[in-house]
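Structural description and commentary
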Amino acid sequence: MKETPIAFRTHVSIFGNTNAGKSTLFNLLLGQDMAIVSDVKGTTTDPITKAMELLPYGPIALTDTAGLGDATAIGGKRAEKTQKVLNKTDYAIYAADSSDFDESAYQEAKNAFDKKKIRHTLVFTKSDLSDGSLSLKHPDAIFVSSNDEASIEKLRKHLVSELTAVAPDENTMIGDLLPAGSTVVLVIPIDSEAPKGRIILPQVQFLRDCLDHGIKAVCVRDTELEETLKELRKVDLVVTDSQAFKFVSSVVPDSIKLTSFSMMMAKMKGDLKKLARGAYAIETLKDGSKILMAEACTHNVSHEDIGRVKIPALLRKYTGKQLEFDYYVHHDFPKNLSDYSLVIHCGGCMINSRSMLNRIDFCEEAGVPITNYGVVLAYVNGILDRSKTIFGF
Ligand code: SF4
């Protein structure tokens, strides 16, 4: 697979009223006909996302959303889907028809972008129909026309400069924690949970991150860890699969820092401090407490599945309480968060940082603590404090 995973791409989304020319703009930016373009209002019913390289910036995920401003029931459903896109958007394009500009709809969208601290560009489509007054009122807006390739190129260049200025440095797990030349041992157990013939995405991403930052990475199974540590002259950090935390912690001397891939992913994608704080809510669980296990993608569930089997069993044993677990496996997040005493999220390797941070915000707004799988495993094994030291808190 040569392509950058979607979760690692900057998410740029096109919003605007129905028939504002969003799909045309989407196709023009992509340089191909992906979205159906029609003069019939509301042609785009579901958001469409395509990966593209916006050179020289790099990989982005471009999304065409369903139009806003349709008061029907179907329009309401579309608006809900569009709101979900907003939750993962890093940068917004607001498309408006030059010949039919709805200023109040734009202001409403602008408020929504500002509330979520999403930068945006106002793009007037069908610029050949503009009478010139819009450019006076909105001097920062970009005017484009499907008949004018130069206008699209101007928009591309504008996006490159905007994204370069605002792109979060979310793509490093280790590069800001250890200097080049450091040595890290990666512990990757090859058990019945390990996928056949490959290693999982967080491990691949971590390895690549080490290579990008000149950090030496040695990969071993848990069974070869002790011997490897004896052979290596200097080890700065051991990163393990969370499920082997307890054993690995007993093997790695206290002088060597230890953490997990899950903690690394949480640091890169979300707010590790908040997720670590959430783990302490385990102490407040009672008989009948409801816990939401949230996973950001579907995957095969095995008899040793971490979210369905291992963590529920560990938490019941640790607390001695009759706990209830619900599961939510989706790119969205449920609305009834306040029904829960605790949310435990997966590592979130398939979603971007913006989505993960929004999920943490939703939990905060609902007054529910949130933590993640790796943090819980570290906590119940009594090594959360040790596994946090590499992050400096
Ligand atoms: S369930 Fe979560 S951690 Fe596991 S693969 Fe999916 S997104 Fe990644």
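The structure presented is a predicted model; accordingly, all values stated were derived computationally and were not measured.

We now examine the packing of helix α10 (residues 272–279) against helix α13 (residues 373–380). One can describe the packing of α10 onto α13 by two numbers: an axis separation of 9 Å at closest approach and a directional angle of 45 degrees. In this view, α10 runs oblique relative to α13, as classed from their interaxial angle. The handedness of the crossing between α10 and α13 comes out as right-handed. Taken together, the residues of α13 that come into contact with α10 (itself represented by L275, A276 and A279) are V375, V376 and Y379. When grouped by side-chain class, the residues that make up the contact of α10 with α13 number six nonpolar, no polar and no charged.

A separate point is the site of the ligand. Taken together, the neighbourhood of the ligand is formed by nine residues, with C297, C346, G347, C349 and M350 sitting nearest. Looking at the shell around the ligand residue by residue, the classes come out as five nonpolar, three polar and one charged.

Taken in spatial order, the six strands of this open sheet run β2-β3-β1-β4-β5-β6, and their pairing is mixed. The open sheet is flanked by β2 (48–54) and β6 (142–143), the only strands paired with a single partner. Packing against the sheet, helix α1 (residues 22–30) makes contact with β1 (10–15), β2, β3 (58–64), β4 (91–97) and β5 (119–125), and its axis sits at approximately 160 degrees to β3. Packing of helix α3 (residues 103–115) onto the sheet brings it into contact with β1, β4 and β5, and relative to β4 it is tilted by some 180 degrees.

This part covers the environment of V184. Mapping V184 onto the fold places it in strand β7 (residues 183–187). Residue V184 is classed as buried on the basis of its C-beta count, with 23 C-beta atoms lying within 10 Å. With 92 residues separating them along the chain, V184 and A92 place their C-alpha atoms 38 Å apart. Apart from the residues lying within four places of it in its own chain, the contact partners of V184 are I174, C210, I215, A217, D236, L237 and V239.

The next point concerns the domain arrangement of the chain. Structurally, the chain comprises domain 1 (6–166), domain 2 (183–264) and domain 3 (271–384). Here the C-alpha centre of domain 2 lies 42 Å away from the C-alpha centre of domain 1.

This part is about the packing of helix α11 (residues 306–319) against α13. Close contact between α11 and α13 brings their axes to 11 Å; oriented N to C, the two are set at 30 degrees. In terms of orientation, α11 and α13 fall into the roughly parallel class. Crossing geometry of α11 relative to α13 is assigned as left-handed. Two secondary-structure elements touch here, α11 through I306, G307, I311, L314, L315 and Y318 and α13 through Y373, V376 and V380. Looking at the contact of α11 with α13 residue by residue, the class counts come to eight nonpolar, one polar and no charged.

Bringing unusual backbone geometry into the picture now. Cis geometry is found at the peptide bond from L55 to P56, where omega equals 5 degrees. Relative to the elements of secondary structure, P56 occurs in the loop between β2 and β3. Although it is not a glycine, K126 sits at a positive phi angle of roughly 50 degrees. Residue position: K126 is located in the loop between β5 and α4 (133–137). C-beta crowding within 10 Å serves as the criterion here: with 20 such atoms nearby, K126 is assigned to the buried category.

Taken in spatial order, the four strands line up as β8-β7-β9-β10 in an open sheet, and their pairing is parallel. Each edge of the sheet is formed by a strand with only one pairing partner; in this case those strands are β8 (216–220) and β10 (257–260). Here the average twist between neighbouring strands, direction ignored, is 20 degrees. Alignment of β7 against strand β9 (residues 237–240), held across four bridges, turns out to be parallel. Considered in β9, the bridge of V184 is made with L237.

Right, let's talk about α10 for a bit. Given 3.6 residues per turn, any residue in an α-helix points the same way as the ones three and four places further on. Of the residues making up α10, those classed as buried are L272, L275, A276, G278 and A279. In an axial view of α10, the angular spread of the buried residues amounts to 155 degrees, which keeps them on one side of the axis. In this structure, the buried residues of α10 make contact with α9 (261–269), β14 (370–372), α13 and α14 (384–388).

Moving on, we get to the environment of M264. Summarising the element assignment, M264 is placed in helix α9. The exposure class of M264 is buried, given the 26 C-beta atoms found within 10 Å. When the C-alpha positions of M264 and V235 are compared, they lie 17 Å apart, and in sequence the two are 29 residues distant. Discounting chain neighbours no more than four positions away, the residues touching M264 are M173, I174, F206, V239 and T259.

So, how was this worked out
Positions within a chain are numbered from 1, following the residues in the order the chain's sequence is written. The model is predicted, so local features are restricted to residues of pLDDT at least 70 and side-chain atom pairs to those at 80 or more, both for listing and for counting; the totals for chains, interfaces and linings are taken over all residues. Geometry is summarised by axes, namely lines fitted to C-alpha atoms with helices restricted to the contacting stretch, and by angles between N-to-C directions that run from 0 to 180 degrees. Per the convention used, a helix needs a DSSP run of H or I reaching at least four residues, while a strand needs a run of E reaching at least two, with both numbered from the N terminus. Convention used here: angles under 35 degrees read as roughly parallel, angles over 145 as roughly antiparallel, angles from 65 to 115 as roughly perpendicular, and any remaining angle as oblique. Note: crossing handedness is left-handed where the near helix turns anticlockwise from the far helix by less than a right angle, and right-handed where it turns clockwise. Contacts here follow a simple rule: the backbone-placed C-beta atoms of the two residues must lie within 7 Å. Note on residue classes: Ala, Val, Leu, Ile, Met, Phe, Trp, Tyr, Cys and Pro are nonpolar, Asp, Glu, Lys and Arg are charged, and everything else, Gly too, is polar. Each residue receives a C-beta atom built from its backbone; the residue is near a molecule or strand if that atom lies within 6 Å of it. Only when DSSP finds a minimum of two bridges between them are two strands counted as paired. The exposure scheme places C-beta atoms from the backbone and then counts, for each residue, the other C-beta atoms within 10 Å of its own, assigning buried at 20 or more, exposed at 12 or fewer, and partly exposed in between. Boundaries of every domain are those given by an automatic assignment or by a domain database. Directions from the helix axis toward the C-beta atoms define the arc.

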